[in-house]
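# Observations on chain architecture
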Amino acid sequence: MLVNSDGKVFVGKRIDSRETMGTEDMWWQMPQGGVDPGEDLEAAAFRELAEETGVVAANAVIIGRTSEPIRYDLPEELLGKLWKGKYRGQEQVWFLMRFSGDDADVDLNAHDPAEFDAWQWVDPEQLPDLIVPFKKNVYRSVLAEFRELV
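We now turn to the structure provided with this report. (Residues numbered from 1 in each chain as written. Predicted model: local features only at pLDDT ≥ 70, side-chain atom pairs only at ≥ 80, totals over all residues. Heavy atoms only, no water.)

### Brief notes about helix α2 (residues 41-53)
With 13 residues, α2 should reach 18 Å at 1.5 Å per residue; the first-to-last C-alpha distance of 18 Å fits that figure. Considered for burial, the residues of α2 that qualify are A44, A45, F46, E48, L49, E52 and T53. At the N-terminal end of α2, a side-chain oxygen is found 3.0 Å from the backbone nitrogen of E42, two or three residues along, and the residue is D40. (Helix = DSSP H or I, 4+ residues; strand = E, 2+ residues; numbered from the N terminus. Expected span 1.5 Å × (residues − 1). Buried < 20%, exposed > 50% of the residue type's maximum accessible area, 1.4 Å probe, protein only. Polar contact = N/O pair within 3.5 Å; in protein donor to acceptor, adjacent residues only side chain to side chain.)

This is the structure in structure tokens:
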């Protein structure tokens, strides 16, 4: 979760949301990603942030981390369609980062392929309304844990 000095949260519009969700709806999400074998969680968080947003570690500082991993399962209709059918869900550790850069420091094309084709800063309370339905509880949990720090 990347927040700016105004307490707004970064969200990106996923490029692949139409094809993976089989809908015309466009979903937004916070940056997230996988951890490489042997990679430190904080290092992975900064790497994924840079890959998805172009925001480098010099422009972000970790100010929080979820106390426990947050888990979710895919809905039945998406099993076998996402992640090449290898996974039924995810376990995520979330970090809260404070952004100290300028909007010009955001570069959605920092990594090929890009994951987002648009981005915006939103009020934290909007997050559950922007994410795919099966991740709403994840976002509510992240918000509850980080609310006081945002």
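### As for the nonpolar core
Ranked by size, the top nonpolar core spans 23 residues in total, and within it M1, M30, W94, L127 and V142 carry the most contacts. Mapped onto this core, the elements with two or more residues apiece are β2 (9-14), β5 (70-73), α3 (127-130) and α4 (136-146). Top contributing element to this core by residue count: α4, with five residues. Every residue in contact with W94, bar those within four places of it in the chain, is listed here: M1, M30, P31, Q32, G64, R65, T66, I70, V138, Y139, V142 and F146. Listed in part, the 14 residues of the second largest apolar core include F46, A60, M97 and F116. (Core = buried A, V, L, I, M, F, W, Y, C linked by side-chain atoms within 4.5 Å. Contact = heavy atoms within 4.5 Å.)

### What to know about the side chain of Q92
Here Q92 shows up in strand β6 (residues 89-92). Within the local environment of Q92, its side chain forms a polar contact with the side chain of W94, the two groups lying 3.0 Å apart. Those residues in contact with Q92, other than ones at most four positions away along the chain, are Q32, P69, I70, Y72 and V138.

### Points about a nonpolar patch on the surface
Judged by side-chain polarity, V61, I63 and L149 come together as a nonpolar surface patch covering roughly 230 Å² of accessible area. Along the polypeptide, L149 turns up in the segment after α4. (Patch = residues over 30% accessible without salt bridge, like charges linked within 9 Å, V, L, I, M, F, W, Y side chains within 5 Å. Areas by Shrake-Rupley, 256 points an atom, 1.4 Å probe, with all protein chains shown as cover. Salt bridge = Lys/Arg side-chain N within 4 Å of Asp/Glu carboxyl O.)

### Considering the pattern of salt bridges
Tallied over the entire structure, the rule returns nine salt bridges. Between D36 and R47 there is a salt bridge whose closest N-O contact spans 3.7 Å. Taken together, the positions of D36 in the loop between β3 (28-29) and α2 and R47 in helix α2 put the pair 11 residues apart, joining distant regions of the chain. Classification of D36 by relative accessible area gives partly exposed; the value is 40%. For R47, the salt bridge goes to E51, with nearest N and O atoms at 3.3 Å. Placement of both R47 and E51 in helix α2 is noted, with a separation of four residues, approximately one turn of the helix. Counted as one network, the salt bridges with shared partners bring together D36, E39, R47, E48 and E51.

### Quick look at the environment of Q120
Position of Q120 among the secondary structure elements: in strand β8 (residues 116-122). Separated by 108 residues in the primary sequence, Q120 and G12 place their C-alpha atoms 6.6 Å from one another. Not counting the four nearest positions on each side in its chain, Q120 is found in contact with V9, F10, V11 and W28.

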